[in-house]
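# Coordinates in review
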Amino acid sequence: MNSGGRIAETALGRKKLIALIAIVAVCAGIAAGYSAKKAIWEGWVTDRLFQLRASFGPALPQERSPVAVIGLDQTALDSDKLSPIPRVLMTPVLAEAGQGLIDAGALALGYDFVFAYSADAFVDPITGEARLRGFDAPFQKFMFRNRERVFISHTEIGVPHRKFSAAAGTGGVRSVVISTDNDGVVRQHKPNLPLSESPYLIDALLSVASADISEQYTALPVSRLASSIPYLSLIDVLRMLESESGRHELRKFADGRIILFGGLLPYEDEHLYSDRFLPVMSSDEAETGESGRPRVQQQTAGVLILADLIGSVMSGRIAVSPPPGFLPGVTVLFAVAGALAGLFLPMMLLPLVAISGVVLGLVLSLIGLEFGLIVAPGMAPVACVSAIVVSAVGKIGILQRRQRSLVRLFGHYLAPDVIKQMAQSEQLPELGGETRHVVVAFIDIVGFTKMSEKLADRDVVRVVNSCFDAIGQVITAHQGYIDKYIGDAIMAVWNAPNTVDYPEKAAVDAAEKIIGLLDKMRSLTGQPALDLRIALNAGPVLVGDIGGEHRRSFTVMGTTVNTASRIESVAKDKKVRLAISQSVGDNLPRSYPVKEIWKGQLRGLSTDMTVYTLDVPQMYMENVVAVPHDKRKRGITNLLKFPR
C-alpha cells in the first residue's frame, strides 16, 4: 500500500472513531436525560420555574376565581358564637353556612371534613340518656335537599358515619386523597373518567362545573394559595347571613363559584405544594372577609390545594404532557448538540456551552408552561451536559491517541522527547538551543562505494536499510538518538535530547553490540565483505533546532562533532572497527580494555589528542594479536588497564 493509501486509511479510521464516540455520547446523553425525568430534584426545578414565571406574570389574577374557600380557622373557633361548641358538634353551623352559600348562588359545595361521628350516638355516661339525638338532623336534611351539589369527604383511613353517608346519597361521599410526586410535593392530579362517577372530590366538583378535562394535569399557581384564593372565615359567613347587606355581600362572593369548606388550623392537613416558592399576595389584593385569613405557613392547607386543583382547570391554569414524540425529540436534539460541541469545540468553551445548554433547556420548559405544556426541565439539560462530558472524554482519548501516534510516527524522523515536548506545548521550540555534554558517534559502512557499483539501486537501498535498521535498534536500546543519516553513515548522539546517566559507557556498549551484529548483517544482506567503522568523541555541543521558521532540523553542532568525524579517519588508517577519543576513554569503567592506537594532531585541529580502541579481537579488521588467547576469550571483561 502506498503512503497516500495509508494516510487515507488512517483518516478513515479516525473518522470512524469520531463517529463511534459521537454515537456513544448521544446514546449516553439520551439515557441520562431519560433518567433525569421524575428525578427527585426535577420537581424542585419545576417549582422554581413556577416562581420565575410568576415574577414575569401579572401581579393580580386576570379573572375572577371560580373557586373559594370557607375556613374553620382559629378566629372562627375563638369567636363568641363558636367557642362554646366542640368541633365535632358543628354540623348545624356548617348546615346553616352551607345553605346560605347555596342560596347565594354557589354551584356546589365540598366539605373537606370526615364526619366520622354522629351526635345521635353520644349518650350521657351516667344516665345513658341520648341527649343529642337529632342534633345532626339539620345537616343531614341539608345534604339530602342538595344532593349532587353537596359532597362530603373520606380519606384512606377515615369514612363518614353511615347516617351522613345515607343523607349524602350515592356519589355524595368522595375521596380527598391527593397524590404527591416522588419528592413529596403535590403538583398534579389525574382525573378519573367519567368525572361524575369518579371517586375523587375534585372530579365530582369539576363535573358539576361542566369542566372538560380528561388527562393528567399540573396546576400552575401564580402566588401562595393561602394569600390569594378567595377566602372567608366560617364566622364571617355566619355573620353575613344575619343581615340583608351581609347576604348581598355573600351573593357577590359565592355566585357561580365552587365553594370548599375545610380546616385551616396550623399543622393540620398540610402538604408541600408547588406554590412554595411563589410570592405572597398582599392582603388588600385578595378577596378576604372581615376576619382576615390565617398567616401563610411553609406548607399549604389541604383544602386550599383542592381548591387550586379545581380552580386551575376551570380557569385554564394547567399544563399537560406534550404530544407524543416531543420530549424524545428534544432530548435527542440536545444530546446530539452536546456530542458535537464536545467533539469539535475547544475544551475551554465546553463549560460555557454546558451552561448554555442548561439555560436553553430551562427556557424551553418555561416557554412550554406558557403554552400549557409540562416539558420535563431535567431531560434536555442533562442530555446535553452528559453528551458533552462523554464526547469530551472521548476527544481527550483521541487527542492522546493522536499524540501517541504522532510520537510513534515522527519518532522515525525526530527524537520522541522533542515530539512529546512539541505536542504538550503545542508550539515549535525556539531556534538555537542549549549546550550539553554528549557523546557523538559516526558509524560508517566500509566499502559501500565498491559494493554499490556491483548492485542495482534497489538492492543498494535494501542493503543500507537492513544495516541501518539493525544498527538503529541497538542505538535506541542503549538510549542513543540517531541524529541523521549521511549517505552510508549514521550520526548518533548520547545524552541529547534525552538524558543518559553514563553516556560514554552507553555509547561504547552500543558500538560493541553493533560490531557483534556484523555476521548477522552480512548474512541478512548477502554481502560477506560488509564491514563497519565506528568513531566516538565526547564533549560539549550545542543541542537544538537550526534552520528557519519554514524549515528546521533538530541536531547537535560544535567542535566535538567535527572531531568525531576526524577520528573515523584514524580508525581507517589503523584498520580498527572502533576508535574512541580520550574524552570517551577517561569516562569508561576501568574494567574496559582500552588501548591506545594513535596520538597526534587531527586534520583541522590545533591540539594533539590520543585515540583508543577496545583491545578485543572483534575490534580489529585484520588478524592482530592484541592479548593472550586465554584473556581474549573474556572479551570486554579483560582487565587491561588504561593509565588514567
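The structure this text deals with has already been given above.
These remarks concern the structure in this document.

## So, the packing of helix α7 (residues 201-208) against helix α11 (residues 302-315)
The contact between α7 and α11 brings their axes to 10 Å, and the two run at 35°. For the pair α7 and α11, the crossing hand works out as right-handed. For the pair α7 and α11, contact is made by Leu201, Ile202, Leu205 and Leu206 and by Leu306, Leu309, Ile310, Val313 and Met314, respectively. Of the residues contributing to the contact of α7 with α11, the split by class is nine nonpolar, no polar and no charged.

## Here's the deal with the sheet that holds strand β1 (residues 67-72)
Taking strand neighbours across the sheet as the criterion, the six strands line up as β4-β3-β2-β9-β1-β8 in an open arrangement whose pairing is parallel. Two strands bound the open sheet, and with one partner strand each, they are β4 (173-175) and β8 (231-233). Each adjacent strand pair in this sheet contributes to an overall mean axis angle of 25°, direction not counted. Sitting on the sheet, helix α5 (residues 137-145) is in contact with β2 (108-111) and β3 (150-154), with an inclination near 115° to β3. The strands that helix α10 (residues 244-254) touches are β1, β8 and β9 (258-263); relative to β8, the one it contacts most, it runs at about 140°.

## Considerations on the pattern of salt bridges
Enumeration over the complete set of coordinates arrives at 22 salt bridges. As a salt-bridge pair, Arg53 and Glu370 come within 3.0 Å of each other at their nearest N and O atoms. Of this pair, Arg53 sits in helix α2 (residues 40-56) while Glu370 sits in helix α13 (residues 350-370), and the two are 317 residues apart along the sequence. Among the salt bridges present, the one from Lys81 reaches Glu242, with a minimum N-O distance of 3.9 Å. Note that Lys81 is positioned in the loop between α3 (74-77) and α4 (91-103) and Glu242 in the loop between α9 (234-240) and α10, a separation of 161 residues in sequence. Taking relative accessible area as the criterion, Glu242 reaches 57% and is therefore assigned exposed. Salt bridges linked by common partners bring Asp47, Asp181, Asp183, Arg187 and Arg276 together as one network.

## A look at the packing of aromatic side chains
Within the structure shown, the criterion is met by 11 aromatic pairs. Ring geometry for Trp44 against Phe277: centres 6.3 Å apart, planes inclined by 75°, an arrangement best described as edge-to-face. Note that Trp44 is positioned in helix α2 and Phe277 in the loop between β10 (270-273) and β11 (300-301), a separation of 233 residues in sequence. Ring geometry for Tyr111 against Phe139: centres 5.4 Å apart, planes inclined by 85°, an arrangement best described as edge-to-face. In this pair, Tyr111 is assigned in strand β2 and Phe139 in helix α5, connecting sequence segments 28 residues apart. Judged on exposure class, the residue Tyr111 and its partner Phe139 are both buried. An aromatic cluster of at least three residues, connected via ring pairs, comprises Tyr111, Phe113, Phe115, Phe139, Phe142, Phe164 and Phe261. The side chain of Arg48 reaches across the aromatic face of Phe277, ending 3.7 Å from its centre. Here Arg257 stacks its cationic end above the ring of Phe253, 5.3 Å away from the centre of that ring.

## Observations concerning the sheet that holds β10
The strand order across the open sheet built from three strands is β5-β10-β11, with neighbouring strands paired in mixed fashion. In this open sheet, the two strands that pair with only one neighbour each are β5 (185-186) and β11. Pairing of β10 with β11, which is carried by two bridges, proceeds in the antiparallel orientation. Looking at β11, one finds that Glu270 is bridged to Ala301.

## Section: a nonpolar patch on the surface
On the surface, Ile355, Val359, Val363, Ile367 and Phe371 cluster together into a nonpolar patch covering about 490 Å² of accessible area. The residue Phe371 is located in the loop between α13 and α14 (379-410) in this model.

## Regarding the packing of α4 against α5
Packed helices, taken two at a time, are described by the angle their axes make and the gap between the axes. Where α4 contacts α5, the two axes come as close as 8 Å, and the packing angle between them is 30°. Judged by the angle between their axes, α4 and α5 are roughly parallel. Crossing of α4 over α5 shows left-handed handedness. Across the interface between the two elements, Thr91, Leu94, Ala95, Gly98, Gln99 and Ile102 from α4 touch Pro138, Phe139, Phe142 and Arg145 from α5. A per-class count over the contact of α4 with α5 returns six nonpolar, three polar and one charged.

Reading the values: rules and limits
- Residues numbered from 1 in each chain as written.
- Predicted model: local features only at pLDDT ≥ 70, side-chain atom pairs only at ≥ 80, totals over all residues.
- Heavy atoms only, no water.
- Axes fitted to C-alpha atoms, helices over the stretch in contact; angles between N-to-C directions.
- Helix = DSSP H or I, 4+ residues; strand = E, 2+ residues; numbered from the N terminus.
- Left-handed = near helix turned anticlockwise from the far one by under 90°.
- Contact = heavy atoms within 4.5 Å.
- Nonpolar A, V, L, I, M, F, W, Y, C, P; charged D, E, K, R; others polar.
- Pairing = 2+ DSSP bridges.
- Salt bridge = Lys/Arg side-chain N within 4 Å of Asp/Glu carboxyl O.
- Buried < 20%, exposed > 50% of the residue type's maximum accessible area, 1.4 Å probe, protein only.
- Phe/Tyr/Trp six-rings, centres within 6.5 Å; stacked < 30°, edge-to-face > 60°.
- Lys NZ or Arg CZ within 6 Å of the ring centre and 35° of its normal.
- Patch = residues over 30% accessible without salt bridge, like charges linked within 9 Å, V, L, I, M, F, W, Y side chains within 5 Å.
- Areas by Shrake-Rupley, 256 points an atom, 1.4 Å probe, with all protein chains shown as cover.
- Parallel < 35°, antiparallel > 145°, perpendicular 65-115°, else oblique.

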